[in-house]
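Summary of structural features
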Amino acid sequence: MSMSKSSKYVSRQSDNNGVIAWSDEENQIWHELITRQLGVIKGKACDEYMAGLDKLQLPTDRIPQLEEVSKVLRATTGWECAEVPALISFDKFFELLANKRFPVATFIRSREEFDYLQEPDIFHEIFGHCAMLTNPAFAEFTHIYGKLGLAASKQDRVYLARLYWFTIEFGLLSTPDGLRIYGGGILSSPGETKYALESTVAERKPFDALDVLRTPYRIDIMQPIYFMIERIDQLFDIAQLDLMALVEQAKALGLHAPKFPPKEKQAS
């Protein structure tokens, strides 16, 4: 979810019927992104994600309208998509999740940023996240997360952001058949899909909520650390933890040393 200072993208506005008129080029970019990524995730995405994709039946020849996706989410877990601008505030972000509305920025990346863009576009949000939102445990975890975030202080939200990052965006699942992916930040990126499962330098640690809250991350590099849960239903258990008490503990203990170099300061 993008909450950075500025975006070069502008979200498309839907008409009175909630329909967005995408251009042929935008539909073509979606087509190329989804057909490529469907090939990449074979045998790498978790079963729950694949089951969700099956329910969504996303078109491959055009960008889906949000209502097409919402219809399926409402029927499975009571969630729906919310059309948002390219950038929204943390307040708005948490408020939407607390109301079971998943924010989807209605723009699609340009060809120049076909392989990687820092701000989540409609492909990342729908292909990366919406299939998992058909899963009750994932949906419940995201809902509780939104409610906690809405009530949290600005300082505490920074800690909560790490929880989101290492689960909803970059979570891995350790299954009897091997490692699988459930995090949308990985599933919508060809490079990260391969890297998360195959890299010999990345660390993969069993999920521990306190550990996660203390682990720094950077959004613009391949992840040096991933956290694994044993089964998707574990997200129900994590949602039941006293997460705000754990945030207090994490604050008292301080952050782990980052496993990545500091970001280069850009010359102004």
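For the structure itself, consult the block above.
Read on for a plain summary of the structure. (Residues numbered from 1 in each chain as written. Predicted model: local features only at pLDDT ≥ 70, side-chain atom pairs only at ≥ 80, totals over all residues. Heavy atoms only, no water.)

1. Things to note about the packing of aromatic side chains
Cut-off, in case you're wondering: Between 30 and 60 degrees the pair is tilted, below 30 it is stacked and above 60 it is edge-to-face, where a pair is any two Phe, Tyr or Trp rings, Trp via its six-membered ring, whose centres lie within 6.5 Å. Each helix corresponds to a stretch of at least 4 residues labelled H or I by DSSP, and each strand to a stretch of at least 2 residues labelled E; elements are numbered beginning at the N terminus. Partly exposed residues are those whose accessible area sits between 20% and 50% of the maximum for their type, while under 20% is buried and over 50% is exposed, using a 1.4 Å probe and protein chains only.
Evaluated as defined, the whole model comprises 14 aromatic pairs. Here Phe94 and Tyr145 contribute two aromatic rings whose centre-to-centre distance is 5.6 Å and whose plane-to-plane angle is 45°, an arrangement assigned as tilted. Taken together, the positions of Phe94 in helix α4 (residues 90–98) and Tyr145 in helix α6 (residues 136–151) put the pair 51 residues apart, joining distant regions of the chain. Side by side, Phe94 and Tyr145 carry an identical accessibility label, which is buried.

2. Here's the deal with the nonpolar core
Put simply, the rule is: Only buried residues count toward a nonpolar core, which is a set of Ala, Val, Leu, Ile, Met, Phe, Trp, Tyr and Cys residues joined through side-chain atoms within 4.5 Å.
Counting 86 residues, the largest nonpolar core has Tyr49, Ile126, Tyr182, Ile232 and Leu235 as its most contacted members. Broken down by element, this core gets its largest block of residues, seven residues, from helix α7 (residues 154–169).

3. Observations regarding the sheet that holds strand β3 (residues 172–175)
Note the cut-off: We call two strands paired when DSSP finds no fewer than two bridges between them. Angular values range over 0 to 180 degrees, each being the angle between N-to-C directions of two axes fitted as lines to C-alpha atoms, with helices fitted over their stretch in contact.
Read across the sheet, four strands follow the order β4-β3-β6-β5 without closing on themselves; strand pairing throughout is mixed. Lying at the two open borders of the sheet, with one neighbouring strand each, are β4 (178–181) and β5 (203–206). On average, each strand axis in the sheet is tilted by 40° relative to the strand beside it, whichever way the strands run. Sheet analysis places β3 next to strand β6 (residues 225–229), joined by two bridges and oriented parallel. Of the residues in β6, the one forming a bridge with Leu173 is Ile229.

4. Describing the layout of surface pockets
We count it as follows: Only protein atoms enter the 1 Å grid used here, on which a cavity is any set of points holding a 1.4 Å probe that cannot leave and a pocket is any open set flanked by protein within 12 Å on both sides along at least five of seven lines; residues with an atom within 4 Å of a point are listed as lining. Grid points are joined across faces, edges and corners, and a volume is the space filled by probe spheres set on the points. All residues other than Ala, Val, Leu, Ile, Met, Phe, Trp, Tyr, Cys, Pro, Asp, Glu, Lys and Arg, Gly among them, are scored as polar; the first ten of these are nonpolar and the last four charged.
In this structure, the second largest pocket encloses a volume near 180 Å³. For the second largest pocket, the lining is made up of 14 residues, of which Gly18, Leu66, Glu67, Cys81 and Glu83 are closest to its centre. Elements that contribute at least two residues to the lining of the second largest pocket include exactly α3 (66–76) and β1 (80–84). Class assignment for the residues of the lining of the second largest pocket results in four nonpolar, five polar and five charged.

5. Some words on the packing of α3 against helix α5 (residues 122–130)
Heads up, the condition is: In this scheme, roughly parallel covers angles under 35 degrees and roughly antiparallel covers those over 145, while 65 to 115 is roughly perpendicular and the rest are oblique. Two helices that cross are described as forming a left-handed crossing if the nearer one is turned anticlockwise from the farther one by less than a right angle, and a right-handed crossing if clockwise. Note on definitions: a residue-residue contact is assigned when non-hydrogen atoms from the two residues lie within 4.5 Å.
Two elements in contact, α3 and α5, have axes whose closest approach is 12 Å; the angle formed by their N-to-C orientations is 15°. By the criterion of interaxial angle, the relationship of α3 to α5 is roughly parallel. The interaxial crossing formed by α3 with α5 has left-handed handedness. Here α3 contributes Leu66, Val69 and Leu73 to the contact with α5, which in turn contributes Ile122, Ile126 and Cys130. Looking at the contact of α3 with α5, its residues break down into six nonpolar, no polar and no charged.

Nothing here speaks to function; it is all geometry.
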